[in-house]
Each structure stands twice: as structure tokens, then as C-alpha cells.
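Working through the structure, step by step
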Amino acid sequence: MSQSYEQSRLYALRHSAAHLMAQSVLQLYPDAKLTIGPPIENGFYYDIDFGDQKFTEADLAKVEEKMRENAARHLPIVREELTRDQARDRILRLHQDPYKIELLSDIPEGDVITFYTQGEFTDLCRGPHVECTGDIENFKLLTVAGAYWRGSERNKMLTRLYGTAFESAEELERYLHNLEEAKKRDHRVLGRELGLFMFSHTVGQGLPLWLPKGAILREILTDFLRAEQLKRGYQPVVTPNIGHQRLYEKSGHLITFREKMYPFMTDEDGDIHILKPMNCPFHIEIYRSSLRSYRELPIRYAEFGTVYRYEQSGELAGMLRVRGFTQDDAHIFMRPDQLLDEFKGVVDLTIHVLKWLGLNEYSARLGTRDDEGAKYVGSPENWQLAEAAIKQACDEMGMDYEVSPGDAAFYGPKLDLIVKDALGRSWQMGTVQVDYNLPERFELEYTGEDGQPHQPVMIHRAPFGSLERMIGLLTEHYGGAFPFHLAPVQIAILPIADRHNDAAYKLRDKILAGRPGWRISVDDSSERLGKKILMNQHQKIPYMLVLGDKDIENNTVSVRSREAGDLGAKSLEEFLRIAEG
Ligand SMILES: [Zn+2]
Ligand SMILES: [Zn+2]
């Protein structure tokens, strides 16, 4: 297993870069007050109170320049241990109250209190840091944002300065390039340009509208997954979008999930219904609808289930976090001895689909129990068995994973799926979750070989989390240029003039006769050919087939590939071979 980021030199380097930035800010804005400045996944930030002064993105350049000066001073970065009183005196002398005083009081009694100092700059800080400001060579300040002190809206709004740092100039350059690339690939922009999905203020925040091409892409995904699941012994079920309050009372979600639920609906009979935030209790009711024998298990109920969760408006992010979404959900009910095989099956299915989607870099995070046994339901023995089964399943199926103790839900260990996209960004997708709680709450049973009632184990699994999130990821991963098997439109036929339109439609029908289901458009608009090509290029369609007099006469098509450009005249058979790669 690789060493964790928190222990890496890169982490210390970014932390030191945050200090270098703070030092430079104080030189330029002596009245500024520092709060917290940690390294984060791709860089670092520092939250700063600029008082009455306004700090904008335009001011970053001069801070960055100061940083280079301070780096060039090659100041040693020195760690000191102080007593609580010394620390307090120093903070007051530096006029860094009240924030740093508050941070100081957060440090538990008995813990070591450390300051890190470089030149005239000194900061209450746990560290660690690099040795010298001269070590911080490859950095860049990026953006400015607002952030509340301690993340609470009741507190003062601070200014957050973001930056990044790397060990080598090449890594920094690649990162900055990818940032630019990511802007171009923003799925919210591409979603609209490519006619995939949109949001409407009139419809409501976080409620996506799928446009025709996006809906086709969605169907391509669900068709594939549905067929795979049928092959693998899943049974489809369909459940309603609202359910009676008693269902969620029974499941416990009324308490544990209350804040994510939309306001309840009370009808004329006084019955309360709840907009579905999750599919599980419905599937459980189906399981409970008849007596189950050990021979029937495992039972795998699958549903592309649409759920609604009230996310804070500030947390909504395009298709990545929405309020209404469809999960690729399934619940598997099994005997405890079937856990390993079922987990293997789920991991195998997940890998199979990821490869089909062209997402070849993925790993998993196994959330296990920590030592505070009291907060978990289910016996420790069962947990151990389940955790061992998940590990073995990952090992046998070739899924890389890291163990994250304490990351389990209170009701069972889980496996989170993490996908890396073409720009090297990590996306947390779905989860495979073992559950000892709901079978207990719903008193689920099966009759064992011994004729006695036993409690089944349950797995929730939605490897992709939601179709919304998966398609948001795919859009950015491919920059909208979906591979042939996923592209909503695979081939655009471009008749050069109106008189070629009939031949274009005939060509389409001829392809469809041999390749039913292929997605082919005919651009019979009266635009000039150059314009047609440009417009279809913007739609990132894998192939354009241009059709004019010569092509019709010679029984050929002029092929333009999205990647390879003009391929010249080909017979239809030749083109089909190319397209099918
Ligand atoms: Zn620090
Ligand atoms: Zn579930």
C-alpha cells in the first residue's frame, strides 16, 4: 500500500506553501488576520480575514510575487514547542486574535503546542513542513472564494486564497494544463451544448432535465446494465416514488435520514406520505411478501430507482450533486455464508461495466469498524466475517483497495468505488454496503436447512451511485467526445445538396438494416456543406459520411472521422469495418 498523502513530502510542501502565502499576505496587508491554512487534495488554501480591505483575484499576482521573493530568501522553517501561556502571549503580540486564540483553545490539554517560524513570520501550527522556504519552488495561486469561519453561516465571512504546489515544474505544469482542460470539459456547459441535459430555474434547483441525446445516453447505460444484471441473476422490480410514513418509521430513516427528506405530504385521510429518498425499504417489503427458504437465496432485486434528497442549495453541483436522481440500485438478500460469492459478483459486475464505459482506472476504499464497538449494530464476529469476505472478494477479482478504519456505516462495512478520469481526477462513485440493521428492524427471515428461522444478510449496491453522476463523469472524462458505442449520435450523414437527401436516407436505412439500433442522423438542412461539417463537429459525432454526386455514382461514402479527420471515399463495407474497430 502506498504511503498516505498526509504523510507525504508533497503534503508538507503544500502546507509550507500555505505558510509562505500567509507570510507574504501579512507583508502586504499587515492588518490581515490568519485563521486556518491546510493542504488539500490538489493544493492548499488559507482563510484570511482582511478586515475592511477587499481582496480579489486580481490581488493574487502580487502575493505570488512576494512569495517568490520570500522563497528566494531561503528562510529556514523552524519548529518550536511552546507552553499554552507562551503561545497565547505570542498570538496576542502578533495581533492574531481572536481566531488563533480560538484554535489554541481547541488543542486538547496535554497535547504539544507547536509554532513554525520562517524569518519574521510565525504561525501556530501542527506541521510538518519542509526545511526551508527555498524548497517551495513550483507553486501557483489559483482563485479566491468566500468561506465562513469554521464553516458556519453564523460566523464571519473570510477570504479563502487557493493555490497549489508540486515537487517538480513538470507536475505543476501538467496540473495547470489539466485545470484549463477541466474548464473546457465542464459537464454543465457540455451538457447543454451537446443537448444532453439542462437545468431550469422554473423547474427548480438540482432537478435535471434530460434532453433527447442525454436520455439516449442514459438508456444506453441502463440497457447494458439491465441486460448484464439479468444474466447475473438479478430480478427487476419497480416501486413507487412515494411511500407511507410507517415504512420509514420501520426502517429508521425517519430519524436517521430526516434532514435529507422533502417535507411530508398529508392527505385528506390524515395519512402521511414521503417522497422516496431511497429504495431499500420498498425492496425489503417485497422480500417480506412471502416465506423465504434458504434454497431461494440469494435474492437480488434491481431497480433503476429515482429518489429525491434535499441537498443544501450550496452543495448542488451540476449533475454531480442533484436533488432528484436515479440510482442503479439493487438489494441482495443472502445467507451469511453467501457473502463472499455475492461480493465477488458485485465487484465483477462493477469492473465489467467500468471497462465497457472506458474507465480503466479505478480503486476502492473499504470502510471498516474502528474500536468503538458500541456504535455499531451486528455482532463483531459477523463484522469480521464480512470485512474478510470483502477483502477476499477484492483480492480475487483484482480490485485495488485501501482500508479506511472507522469509515463503515453504523450498520455494516462498505466498499466505496473511486474512479480516476482522463485528467487524473478522482471521483467517488457508488457504494457496496453490507447491512445488519435493516434485516433486524424488518425482522427478515428465511427458513434454514434446519427448518429454523434465520436472519438474512443484506447488501445495498449502486456501483455508479446514480446515472446523473455517472453521465456527468463520463461527459468530463471524454470531454463530450463519447466513444462510438456510447455516442448518442454515432454517425451523421451529410448530403451535399438537397438532391442528395433521398440517397442519404436510403444510406441510413441500409446501415440500419444490417446494424439495427445504430444511432444515425441525417443533416438535410439547407446549409452549405462547410457549415454542416462544422456544426456536426461541434456535436462531437464520431463519424460523418458526406454524400454527393460522385459518391452516389461510385457507390461510396466520404468518411470524416472525429479523431482521424478526412479518410476519403470508402465503400460502405469498408466504413462499417472502420466504425466497428
Ligand atoms: Zn500550518
Ligand atoms: Zn439500499
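Before reading further, recall that the structure is shown in the block above.
Described below are features of the structure shown in this document. (Residues numbered from 1 in each chain as written. Chains lettered and ligands numbered in written order. Predicted model: local features only at pLDDT ≥ 70, side-chain atom pairs only at ≥ 80, totals over all residues. Heavy atoms only, no water.)

Considering the coordination of the zinc ion (ligand 1)
Looking at the zinc ion (ligand 1), one finds its protein donor set to be H15 (NE2), H19 (NE2) and C125 (SG), positioned 2.1 to 2.3 Å from the metal centre. Binding-site remark: the zinc ion (ligand 1) is held by donors from one chain whose sequence spacing is H-x3-H-x105-C. Of this pair, H15 sits in helix α1 (residues 9-28) while C125 sits in the loop between β6 (121-124) and β7 (138-148); the two residues are 110 residues apart in sequence, bridging distant segments of the chain. By relative accessible area, which is 10% here, C125 ends up buried. (Donors = N, O, S within 2.8 Å, 3.2 Å for Na, K, Ca; no water. Helix = DSSP H or I, 4+ residues; strand = E, 2+ residues; numbered from the N terminus. Buried < 20%, exposed > 50% of the residue type's maximum accessible area, 1.4 Å probe, protein only.)

Section: the packing of helix α3 (residues 84-93) against helix α4 (residues 99-106)
One way to put it is that α3 packs onto α4 with a least axis distance of 9 Å and a crossing angle of 165°. Here α3 is positioned roughly antiparallel relative to α4, judged by the angle of their axes. The interaxial crossing formed by α3 with α4 has right-handed handedness. Residues R84, A87, R88, I91 and L92 of α3 form the contact with α4, whose participating residues are K100, I101, L104 and S105. The residue inventory of the contact of α3 with α4, partitioned by class, reads five nonpolar, one polar and three charged. (Axes fitted to C-alpha atoms, helices over the stretch in contact; angles between N-to-C directions. Parallel < 35°, antiparallel > 145°, perpendicular 65-115°, else oblique. Left-handed = near helix turned anticlockwise from the far one by under 90°. Contact = heavy atoms within 4.5 Å. Nonpolar A, V, L, I, M, F, W, Y, C, P; charged D, E, K, R; others polar.)

Examining the coordination of the zinc ion (ligand 2)
In an ideal octahedron of six donors the angles at the metal are 90 or 180 degrees, and in an ideal tetrahedron of four donors they are 109.5 degrees. Taken together, C280 (SG), H331 (NE2) and H460 (ND1) make up the protein donors of the zinc ion (ligand 2), found 2.0 to 2.4 Å from the metal. Coordination of the zinc ion (ligand 2) draws on donor residues from a single chain, spaced C-x50-H-x128-H in sequence. Of this pair, C280 sits in helix α10 (residues 280-288) while H331 sits in strand β16 (residues 324-334), and the two are 51 residues apart along the sequence. Considered together, C280 and H331 belong to a single accessibility category, that of buried residues.

Description of the pattern of salt bridges
Counted by the stated rule, this structure contains 44 salt bridges. As a salt-bridge pair, K184 and E181 come within 3.3 Å of each other at their nearest N and O atoms. Note that K184 and E181 are positioned in helix α5 (residues 169-184) at a spacing of three residues, about one turn of the helix. Taking the relative accessible area as the measure of exposure, K184 reaches 59% and is therefore exposed. A salt bridge links R232 to E228; the shortest N-O distance between them is 2.9 Å. (Salt bridge = Lys/Arg side-chain N within 4 Å of Asp/Glu carboxyl O.)

Some thoughts on the sheet that holds β6
Backbone hydrogen bonds hold the strands of a sheet together, and the pairing may be parallel or antiparallel. The three strands lie next to each other as β4-β5-β6, forming an open sheet whose pairing is antiparallel. Each edge of the open sheet is held by one strand with a lone partner, namely β4 (78-82) and β6. Geometrically, the sheet is characterised by an average inter-axis angle of 25° between neighbouring strands, direction not taken into account. Pairing geometry for β4 and strand β5 (residues 113-118), over five bridges, is antiparallel. The partner of E81 across the bridge, within β5, is T114. The strands that α1 touches are β5 and β6; relative to β6, the one it contacts most, it runs at about 125°. (Pairing = 2+ DSSP bridges.)

Looking at the packing of aromatic side chains
The relative placement of two aromatic rings is captured by the distance of their centres and the angle of their planes. Under the counting rule described, the total for this entry stands at 20 aromatic pairs. Residues Y45 and Y162 carry aromatic rings whose centres are separated by 5.8 Å and whose planes lie at 65° to one another, so their mutual orientation is edge-to-face. Separated by 117 residues along the polypeptide, Y45 in strand β3 (residues 43-49) and Y162 in strand β8 (residues 157-166) bring together distant segments of the chain. What links up through ring pairs into an aromatic cluster is the set F484, W518, Y543 and F575. Lying across the ring of F166, R14 places its NZ or CZ 4.6 Å from the centre. The ring of W518 is capped by R515, whose NZ or CZ atom sits 5.8 Å from the centre of that ring. (Phe/Tyr/Trp six-rings, centres within 6.5 Å; stacked < 30°, edge-to-face > 60°. Lys NZ or Arg CZ within 6 Å of the ring centre and 35° of its normal.)

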